Amino acid sequence: MRFALLGSLVLIVNLGACGSSSNELFENAGGSAGQDGGAGTGGSPCQKECTEGDARCDQDRVQRCTTDNLGCSTWGAPEACPTDKPYCSAGACAASCVDECSASGARACAEPGYRTCGQFDSDSCLDWSTPMPCGTGEVCRVSDATCVLDCGGGSCPCNAGETKACDDVGECKGGVRNCVNGEFGTCQWQKGPANEQCDAKDNDCDGVTDNHLVAQPCDKQAGVCLGSVKTCGSGQWLACSDADYTTYASAHGGAYESLESKCDGKDNDCNGKVDEVSTCCQPNCTGKVCGADNGCGYPCQDGACGGAQEVCNAGKCVCQPDCAGKTCGAPDGCNKSCNTGTCGANASCKQGTCVCDNLSCASACCTTGQVCASGTCCTPQCGTATCGPDPVCGQSCGTCPQPGGGLEATCSQGQCVVGCKSGTSLCKGQCASGACTWNAVQVADSSLSADNVSLDVDPAGTAHVSFVTGTSLFYAEAFPTAAATSVQGYPGCETTYNRHPSAVSAVLPKVYTACEASGGYPSGTYVRVFTRDGGTWTHVNAATLDSIYEVNDMAFLGDRLAYSTWHTEYNTPGFQQLYSTTAGDSWTPDYITTSKQNAKRISLLLSSGGKPSIAWPNWGNYPSSSLDLEVLNGYTWTDTVLSGAPTGNDVMVAASPSGQLAAADSSTSGLAYYSQASGWTKEVVDASIQWAPVEMVIDANGIPHIAYPTPSGVKLASKVGAGWTLETVSTLVANAVAVRLGPNGKVIVAAAKEGTGGGVWVYN
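Reading guide: rules and limits
Residues numbered from 1 in each chain as written. Predicted model: local features only at pLDDT ≥ 70, side-chain atom pairs only at ≥ 80, totals over all residues. Heavy atoms only, no water. Disulfide = S-S within 2.5 Å. Helix = DSSP H or I, 4+ residues; strand = E, 2+ residues; numbered from the N terminus. Buried < 20%, exposed > 50% of the residue type's maximum accessible area, 1.4 Å probe, protein only. Contact = heavy atoms within 4.5 Å. Pairing = 2+ DSSP bridges. Phe/Tyr/Trp six-rings, centres within 6.5 Å; stacked < 30°, edge-to-face > 60°. Lys NZ or Arg CZ within 6 Å of the ring centre and 35° of its normal. Salt bridge = Lys/Arg side-chain N within 4 Å of Asp/Glu carboxyl O. Axes fitted to C-alpha atoms, helices over the stretch in contact; angles between N-to-C directions.

1. Considerations on the state of the cysteines
Linking two cysteines covalently via their sulfur atoms produces the bond known as a disulfide.
Stage number 1. Considering all chains together, one arrives at 21 disulfides under this definition.
Stage number 2. Cysteine 81 shares a disulfide with cysteine 93; S-S distance 2.2 Å. The sign of the -80° torsion about the S-S bond sets the cysteine 81-cysteine 93 disulfide as left-handed. One end of the pair, cysteine 81, is in the loop between strand 8 (79-80) and strand 9 (87-89); the other, cysteine 93, is in strand 10 (residues 92-94), with twelve residues separating them in the sequence.
Stage number 3. Judged by relative accessible area, which is 16%, cysteine 81 ranks as buried.
Stage number 4. Disulfide pairing is shown between cysteine 166 and cysteine 187; the S-S distance is 2.2 Å. Between cysteine 166 and cysteine 187, the S-S torsion sits near -120°, and that sign places the bridge as left-handed. Of this pair, cysteine 166 sits in the loop between strand 17 (163-165) and strand 18 (176-180) while cysteine 187 is found in the loop between strand 19 (183-184) and strand 20 (231-233), placing the two residues 21 residues apart along the sequence. For the pair shown, cysteine 166 and cysteine 187 are each scored as buried.

Right under this line is the structure:
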């Protein structure tokens, strides 16, 4: 029978025909248990190991169930079988061994789980292994000895594709059960299981620590100590003591002495010498075979043996198993099977049998996240797009999830397509019924020529607008009032090279706005930040955030400011920098990204995990260019050039609520949209547009909205349904636009016009 060591405790479950094992872990001796894990009253708990009268095999020895002085059932010391009945079978000594089971590898249910048929002792007969426990909340199904969820004797129905989280067991973490053939299968672990180690941990996740261990030999391995093994205790292998050697030698028909005194033809002190006492006959085994007379009437304890794998052990030739480099369960050369060894993919050797680490499917083992369908391991591909058949597992993915905002999703050719409901049409980026009218508020009249504009919308719905004209930065508020308020100019901003970017951010009660202040190329350029706390501008933050060349573009995200630089000569490196506020509105750099070339547009965003990311087009030696994404992980910026992305130099990026990136650019090939949903793909939005500055947002339903100027006015493109819908926001011939989402999800657009009849407007 198979046994396992747990510290100094031998833990064996009776599997023989002469008794039954108990599934009780504890019994209360003379009292009742307390609540919340208390010790109880009227008695002390003890561990019930067996039922009195039971007997079991410990290799070729017999153990009997006894009662200790506390009244607890426990296994007694192993008793060696006599020479005329050297084998132990079904808890009794016998002249020959008896098969306990019919086929190697067969399984049967046994408390607390299941057991496996194999060769686990010194004889050549088949034995039942120690029971392996099922997972938490599982029971063994009698029909096929498979662990299934405990549903009170019934099955646990579920639908294909459903999953259920597992409770962590030992070192096995993050487990998931997949629905297989109508019920949840075994746990597929993100971590574990592994072969058990002596480390006070449950490495193989069977609910017990430091069991199923490969025994480690004691230091003394000569004479009567040959074959002695250490015990595992407190998470480490314990050194063998004289008491350990005495117990081992006695169980194998020998007598251990720390200082040899016997004349019995044996090496009792295990130092490699026999009968060292001066009064003893001095044996001579030189050149003799194992077991030959040593000249003193005793068998030689060492010497040659006939078999290739035989070694001399206490005067007997014993076969030495060889499992090095063999597969799990292969013959060990001694008429037994190897309890260790290699297995196929996604399987581990346990008790001489290859067991799948996760889900077993026909003759294969599935990996984490796979399911078993029609006898094949496969990975479901439905994800959140639950329309049409699963392309890998052939499962039906059901229907499409329905968005809000007047939208509906329908299944078309195996994909969910979002569109407006019947009787509604697109208006301000949302589906609504009736006529669509854009409301306009004039922020700055035609006396102010502005060629750029920045927009932010706070949670109350107020639009915050920033723009540069002349040498001043202007800030204004619009909505929910009927007209613009608080238009104010702050001097010190530049119009060098006809580029004067601005940025604005409303983090109530504060408002931030910034502009470029330049002393001229190539030095003296810096960024000027203004802060308003409450209803009035209480101070102006003129701290210089030094850069090398003219500031080309900037973007706010809360109290973070990112900006890019520009140079009029190709192949001259530019720099992208990120700043954030500290106490007292002192602007300090967060991190500085790698050098780039002429980043003309920049976008700052936060991923779903809250990490800042910066994206921009890297416009090098025209016409070559790329879209670069910098993602901050800890203190390291990771630079990624997105293949297949836009080739124009006016690129805007945005992120969906799930952190998905999208990009739009305007080049000689027209206004295009790029999605990263399944590799970067390009869609033409408006083929008539060339070199127009564009800006984009993505709403809560994942729908992109792109605002851009045209010769006939400001347009808004939204991807609703299978294609793009274009709305006319205004007939204003603008040269710059900005777009944001209001608190109700509707799109708000700002537009700026330079030159004669200039001005700034906000549309909602």
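2. Some thoughts on the side chain of serine 348
Stage number 1. The residue serine 348 is located in strand 24 (residues 347-350) in this model.
Stage number 2. Using a relative accessible area of 16% as the deciding quantity, one classes serine 348 as buried.
Stage number 3. Discounting residues that sit within four places of it in the chain, serine 348 has contacts with Cys343, Thr353, Cys354, Val355 and Asp357.

3. Comments concerning the pairing of strand 41 (residues 526-533)
Looking along a regular strand, one sees the side chains alternate between the two faces of the sheet.
Stage number 1. The element strand 41 is extensively covered by neighbouring structure, given that seven of its eight residues are classed as buried.
Stage number 2. The pairing of strand 40 (residues 510-517) with strand 41 spans eight bridges and is classified as antiparallel. Each bridged residue has a counterpart across the sheet, and for lysine 510 the counterpart in strand 41 is aspartate 533.

4. Considering the packing of aromatic side chains
Stage number 1. Using the criterion set out here, one finds four aromatic pairs in the structure.
Stage number 2. Measuring from ring centre to ring centre gives 5.4 Å for tyrosine 245 and tyrosine 256, while their planes differ by 35°; the resulting arrangement is tilted. In this pair, tyrosine 245 is assigned in helix 1 (residues 242-251) and tyrosine 256 in the loop between helix 1 and strand 22 (310-313), connecting sequence segments eleven residues apart. The same class applies to tyrosine 245 and to tyrosine 256, which are both buried.
Stage number 3. With centroids separated by 5.1 Å and ring planes inclined at 65°, the aromatic side chains of tyrosine 673 and tryptophan 724 adopt a geometry described as edge-to-face. With tyrosine 673 in strand 55 (residues 670-675) and tryptophan 724 in strand 60 (residues 723-730), this residue pair connects regions lying 51 residues apart in the sequence. Across the pair, exposure class does not vary: tyrosine 673 and tryptophan 724 are buried alike.
Stage number 4. One Lys or Arg, arginine 107, reaches over the ring of tyrosine 114 and ends 3.7 Å from the middle of that ring.

5. Focus on the pattern of salt bridges
Stage number 1. In this structure the tally under the stated criterion is four salt bridges.
Stage number 2. When the shortest N-O distance is used, the salt bridge between arginine 64 and glutamate 79 registers 3.5 Å. Of this pair, arginine 64 sits in strand 6 (residues 61-67) while glutamate 79 sits in strand 8; the two residues are 15 residues apart in sequence, bridging distant segments of the chain.
Stage number 3. Take arginine 64: its relative accessible area is 42%, and that puts it in the partly exposed class.
Stage number 4. Ionic pairing is found between glutamate 477 and arginine 532, a salt bridge with its closest N-O pair at 2.7 Å. Of this pair, glutamate 477 sits in strand 37 (residues 472-478) while arginine 532 sits in strand 41, and the two are 55 residues apart along the sequence.

6. Regarding unusual backbone geometry
Stage number 1. Across the junction of leucine 508 and proline 509, the peptide omega takes the value 5°, indicating a cis bond.
Stage number 2. Relative to the helices and strands, proline 509 resides in the loop between strand 39 (502-507) and strand 40.
Stage number 3. Backbone geometry places alanine 200, a non-glycine residue, at a positive phi of 65°.
Stage number 4. The residue alanine 200 is located in the loop between strand 19 and strand 20 in this model.
Stage number 5. Among the residues examined, alanine 200 registers a relative accessible area of 46% and is labelled partly exposed.

7. Examining the environment of alanine 707
Stage number 1. Relative to the helices and strands, alanine 707 is located in strand 58 (residues 704-710).
Stage number 2. Of the residues examined, alanine 707 reaches a relative accessible area of 0% and is grouped as buried.
Stage number 3. Leave out the neighbours within four places in its chain, and alanine 707 touches Pro693, Val694, Glu695, Lys715, Leu716, Val737, Val739 and Val749.

8. Focus: the sheet that holds strand 62 (residues 747-753)
Stage number 1. Spatially, four strands are ordered 34-63-62-61 in an open sheet, and the strand pairing comes out antiparallel. Every other strand in the sheet has two partners, leaving strand 34 (440-444) and strand 61 (736-741) as the edge strands with one partner each. Averaged over neighbouring strand pairs, the angle between their axes works out to 20° when direction is ignored.
Stage number 2. With six bridges connecting them, strand 61 and strand 62 associate as antiparallel partners. Across the sheet, valine 739 pairs through a bridge with valine 749, a residue of strand 62.

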